[in-house]
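Below are the chains, spelled out letter by letter.
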Amino acid sequence: MKQTPIIALDFATKDEVMTFLAKFDTPLFVKIGMELFYQTGPALLEEIKQQGHDIFLDLKLHDIPNTVGKAMEGLGRLNVDLVNVHAAGGSVMMQRAVEGLRSTNPDTKIIAVTQLTSTTEDQLHHEQKIDMSMEEAVCHYAKLAQTSGLDGVVCSPLEAAAITEHCGPSFLKVTPGVRPANADVNDQKRVTTPEQARQLGSTHIVVGRPITQSSDPVASYHQITESWLGE
Ligand code: C5P
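Note on numbering: residues in each chain are counted from 1, in written sequence order. Selection of residues for local features in this predicted model requires a pLDDT of at least 70, selection of side-chain atom pairs for listing and counting requires 80 or more, and totals for whole chains, interfaces and linings are taken over all residues. Side-chain metrics rest on all non-hydrogen atoms present in the structure, leaving aside hydrogens and water.

Engineer: Can you walk me through the site of the ligand in this structure?
Structural biologist: The nearness test applies per residue and asks whether one of its heavy atoms lies within 4 Å of the molecule or strand. Around the ligand, the surrounding shell consists of Ala8, Asp10, Lys31, Thr117, Pro176, Arg179, Gln188, Val206, Val207, Gly208, Arg209 and Pro210. Arg209 is positioned such that a nitrogen or oxygen atom in its backbone is 2.7 Å from an oxygen atom of the ligand. Method for areas: the Shrake-Rupley scheme with a 1.4 Å probe, in which residue coverage is limited to the protein chains shown. Here the ligand, which alone exposes 470 Å², has 83% of that area covered by the protein. Under the DSSP-based scheme used, a helix requires at least four consecutive residues in state H or I and a strand at least two consecutive residues in state E, with every element numbered from the N terminus. Looking at the shell around the ligand, the elements that each hand over two or more residues are β8 (204–207) and α10 (209–212). In the analysis that follows, any N or O atom pair within 3.5 Å is treated as a polar contact, provided that within protein one partner can donate a hydrogen and the other can accept it, and provided that, for residues neighboring in sequence, both atoms belong to side chains.

Below, the structure is given as structure tokens:
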């Protein structure tokens, strides 16, 4: 997988995606989420791959182990670089996800969502009835994902250091909630700069609107890449 920032392609149509990608003359790492995938299906992925880009297919699977295992078998055939599941589905579901994926693809990495960053500590305690801090809950799920055979987690950069302590530096920490200094934070609550994310132990950053909604997406991408890679 490329080390460059993962660009969240949160566009409504394939045309918008293709127009955006045409601005770049270097291979990118992009994230396709469920809004777009449910409309365009695998055909879009094929076209993006053909242009040399890496793909994080962010579908966050969460179902009974058999269903997730079979679904992952199918996702393995799409030859994307990174896929994910919800850790809340449990260790058996995660193990079956890995087995399903590996049965059709030896290379695709698989990570888990621990707690969504939209979940508040109050919801954790009163809706999910989890009686520990958010950081403890996230680290617990990260460890469960690791022992279930997954390659890493999606998390906030602010959780990356604690996860590294629990799961080691090579366990992937793919982190959204990243903004260049002085940029609009949009609806993200707890943000860091690309440089801070690197210092905190993120292995990959996900950046959407600061690039996709920029008046000069290519310049914004290069500026964020430099800050992230420390060049
Ligand atoms: O535009 P922005 O940089 O905020 O986009 C971040 C991307 O990462 C979006 O696609 C968002 O859905 C996703 N994401 C997130 N927080 C998570 C998981 C995914 O912001 N915990």
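What follows picks up the thread again.
Engineer: Looking at this structure, how should I read helix α8 (residues 157–167)?
Structural biologist: Three- or four-residue spacings in an α-helix give side chains the same orientation, since the helix completes a turn every 3.6 residues. Burial status follows relative accessibility: with a 1.4 Å probe on protein chains alone, a residue under 20% of its type maximum counts as buried, one over 50% as exposed, and anything between as partly exposed. Those residues of α8 that fall on the buried side of the exposure criterion are Pro157, Glu159, Ala160, Ala162, Ile163 and Cys167. One side-chain oxygen of the residue at the start of α8 lies 2.9 Å from the amide nitrogen of Leu158, identifying that residue as Ser156. Downstream of α8 by one or two residues, Gly168 has phi in the positive range, about 90°.

Engineer: Would you take a moment to explain the packing of helix α1 (residues 14–21) against helix α3 (residues 42–50) for this structure?
Structural biologist: Any two packed helices are characterised by how steeply their axes cross, that is the angle between the axes, and by the distance between the axes. Axis definition: a line fit to C-alpha positions, over the contact stretch in the case of helices; interaxial angles, taken between N-to-C directions, run 0 to 180 degrees. Look at α1 against α3: their axes get within 12 Å of each other, and the N-to-C directions meet at 10°. The angle between α1 and α3 falls in the class roughly parallel. Here Lys14, Val17, Met18 and Leu21 of α1 lie close against α3, whose contacting residues are Leu44, Glu47 and Ile48. Residues are sorted three ways: Asp, Glu, Lys and Arg are charged, Ala, Val, Leu, Ile, Met, Phe, Trp, Tyr, Cys and Pro are nonpolar, and all the rest, Gly among them, are polar. When the residues that make up the contact of α1 with α3 are grouped by side-chain class, the tally is 5 nonpolar, no polar and 2 charged. Here the angle decides the label: under 35 degrees means roughly parallel, over 145 means roughly antiparallel, 65 to 115 means roughly perpendicular, and every other value means oblique. Any two residues whose heavy atoms approach within 4.5 Å at even a single point are treated as in contact.

Engineer: Can you walk me through the packing of helix α7 (residues 134–147) against α8 in this structure?
Structural biologist: Orientation of α7 relative to α8, taken along the N-to-C sense of each, is 45°, at an axis distance of 9 Å. Classified by the interaxial angle, the pair formed by α7 and α8 is oblique. Seen along the crossing, α7 lies across α8 with a hand that is right-handed. Side by side, α7 and α8 meet where Met134, Glu135, Val138, Cys139, Ala142, Lys143 and Gln146 of the first sit next to Glu159, Ala162, Ile163, His166 and Cys167 of the second. Taken together, the residues that form the contact of α7 with α8 break down as 7 nonpolar, 2 polar and 3 charged. Each crossing is labelled by how the near helix is turned from the far one, with a counterclockwise turn of less than a right angle marking it left-handed and a clockwise turn marking it right-handed.

Engineer: Looking at this structure, how should I read the layout of surface pockets?
Structural biologist: Rolled over the atoms, a probe with the dimensions of a water molecule shows which regions are left empty. By volume, the largest pocket is sized at about 1,100 Å³. Lining the largest pocket are 36 residues, with Leu116, Thr117, Ser118, Pro176 and Gln188 positioned closest to its centre. Sorting the residues of the lining of the largest pocket by element identifies β2 (29–33), α2 (34–40), β3 (54–61), α7, α8 and β8 as the ones contributing at least two each. Sort the elements by how many residues they give to the lining of the largest pocket and β3 lands first, with 3 residues. Looking at side-chain class alone, the lining of the largest pocket contains 12 nonpolar, 11 polar and 13 charged residues. Detection works on a 1 Å grid of protein atoms alone, calling trapped sets that fit a 1.4 Å probe cavities and calling open sets with protein on both sides within 12 Å along at least five of seven lines pockets, with lining residues defined by an atom within 4 Å of a point. Grid points are joined across faces, edges and corners, and a volume is the space filled by probe spheres set on the points.

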